[in-house]
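Next come the chains, spelled out residue by residue.
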Amino acid sequence: MAIRIGYGIDFHQLVEGRDLVIGGVQIAHHKGALGHSDADVLLHAICDALLGAACLGDIGVHFPDTDMAFKNIDSRILLAKTNELIREAGYTIGNIDATLCLEAPKIKPYVARMQEAIAGILGIAVTDISIKATTTEKMGFVGREEGLVAHAVCLLERN
């Protein structure tokens with residue numbers, strides 16, 4: 001098939017004393033995401049969507065949290081490596097659509113910078129990347145600000 005769809009999802013706890021990095025952008029907030037890498041939930045979901053569409057496994061296969069080489073790594077590096085993998089497999093990115101689920105902080109002021117960061121890494125147009133945010137209306141771990149979630153879908157085209 002010439003067109004493939006991929007879906008990715010990622011979760012991270014929010015804790016005091018960590019930076020909050022989403023979409024390759026530092027976000028001002030009193031809590032940050034906990035993880036082996038910089039815990040960029042959005043870039044991790046996008047990596048999984050891209051890898052899934054190309055049938056190349058998932059982020060844990062390529063960048064396992066048991067490998068110290070990835071300890072505190074900037075997730076923009078993981079996204080760049082993911083892009084290399086899908087391009088080597090013969091695919092180009094059509095578009096990416098992502099949704100962040102978190103109560104705070106508000107993401108809208110950062111969306112354009114996230115799109116620019118992601119577009120620059122992937123070599124695609126900013127207009128091919130949609131980033132939205134929603135809350136869970138104070139319900140569950142997201143509503144209690146204990147964590148955040150990102151969902152991403154992508155379209156890949158075979159070269």
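Refer to the structure printed above.
Not measured: the values here are computed from a predicted model.

**Some points on the packing of helix 1 (residues 41–53) against helix 3 (residues 75–88)**
Here helix 1 crosses helix 3 at 10 degrees, and the two axes come no closer than 10 Å. It follows that helix 1 is roughly parallel to helix 3 by the angle criterion. Here Leu43, His44, Ile46, Cys47, Leu50 and Leu51 of helix 1 come into contact with helix 3, specifically with Ser75, Arg76, Leu78, Leu79, Thr82, Leu85 and Ile86. For the contact of helix 1 with helix 3, a count of residues per class yields 9 nonpolar, 3 polar and 1 charged.

**Topic: the packing of helix 3 against helix 4 (residues 111–122)**
Interhelical geometry of helix 3 versus helix 4 gives an angle of 40 degrees and a closest axis separation of 9 Å. With respect to their mutual orientation, helix 3 and helix 4 come out oblique. Here helix 3 and helix 4 pass one another in a crossing that is right-handed. Residues Arg76, Leu79, Ala80, Asn83 and Arg87 of helix 3 form the contact with helix 4, whose own contacting residues are Ile118, Ile121 and Leu122. A class-by-class count of the residues in the contact of helix 3 with helix 4 yields 5 nonpolar, 1 polar and 2 charged.

**Some points on the sheet that holds strand 4 (residues 32–34)**
Pairing within the open sheet is mixed, and its 5 strands lie in the order 4-1-7-5-6. The sheet terminates laterally at strand 4 and strand 6 (129–134), the two strands that pair on one side only. If you compare each strand with its neighbour and ignore which way they point, the axes differ by 30 degrees on average. With 6 bridges joining them, strand 5 (residues 91–101) and strand 6 adopt parallel strand pairing.

**Observations concerning the layout of surface pockets**
For the largest pocket, the calculated volume is near 200 Å³. Lining the largest pocket we find 13 residues, and of these His36, Ser37, His44, Phe63 and Asp65 sit closest to its centre. Broken down by secondary-structure element, the contributors of at least two residues to the lining of the largest pocket are strand 1 (3–15) and helix 2 (59–62). A per-class count over the lining of the largest pocket returns 5 nonpolar, 6 polar and 2 charged.

**Some remarks on the side chain of histidine 12**
Relative to the helices and strands, histidine 12 is located in strand 1. For histidine 12, a relative accessible area of 13% gives the class buried. Polar side-chain contacts of histidine 12 include one of 2.9 Å to the side chain of aspartate 10. Reaching out from histidine 12, the side chain makes a polar contact with the side chain of histidine 44 at a distance of 3.3 Å.

Scoring rules and cut-offs
Residues numbered from 1 in each chain as written. Predicted model: local features only at pLDDT ≥ 70, side-chain atom pairs only at ≥ 80, totals over all residues. Heavy atoms only, no water. Axes fitted to C-alpha atoms, helices over the stretch in contact; angles between N-to-C directions. Helix = DSSP H or I, 4+ residues; strand = E, 2+ residues; numbered from the N terminus. Parallel < 35°, antiparallel > 145°, perpendicular 65-115°, else oblique. Contact = heavy atoms within 4.5 Å. Nonpolar A, V, L, I, M, F, W, Y, C, P; charged D, E, K, R; others polar. Left-handed = near helix turned anticlockwise from the far one by under 90°. Pairing = 2+ DSSP bridges. 1 Å grid on protein atoms, 1.4 Å probe; cavity = no way out; pocket = protein on both sides within 12 Å on 5 of 7 lines; lining within 4 Å. Points joined across faces, edges and corners; volume = space filled by probe spheres on them. Buried < 20%, exposed > 50% of the residue type's maximum accessible area, 1.4 Å probe, protein only. Polar contact = N/O pair within 3.5 Å; in protein donor to acceptor, adjacent residues only side chain to side chain.

This is a description of form; function is not addressed.
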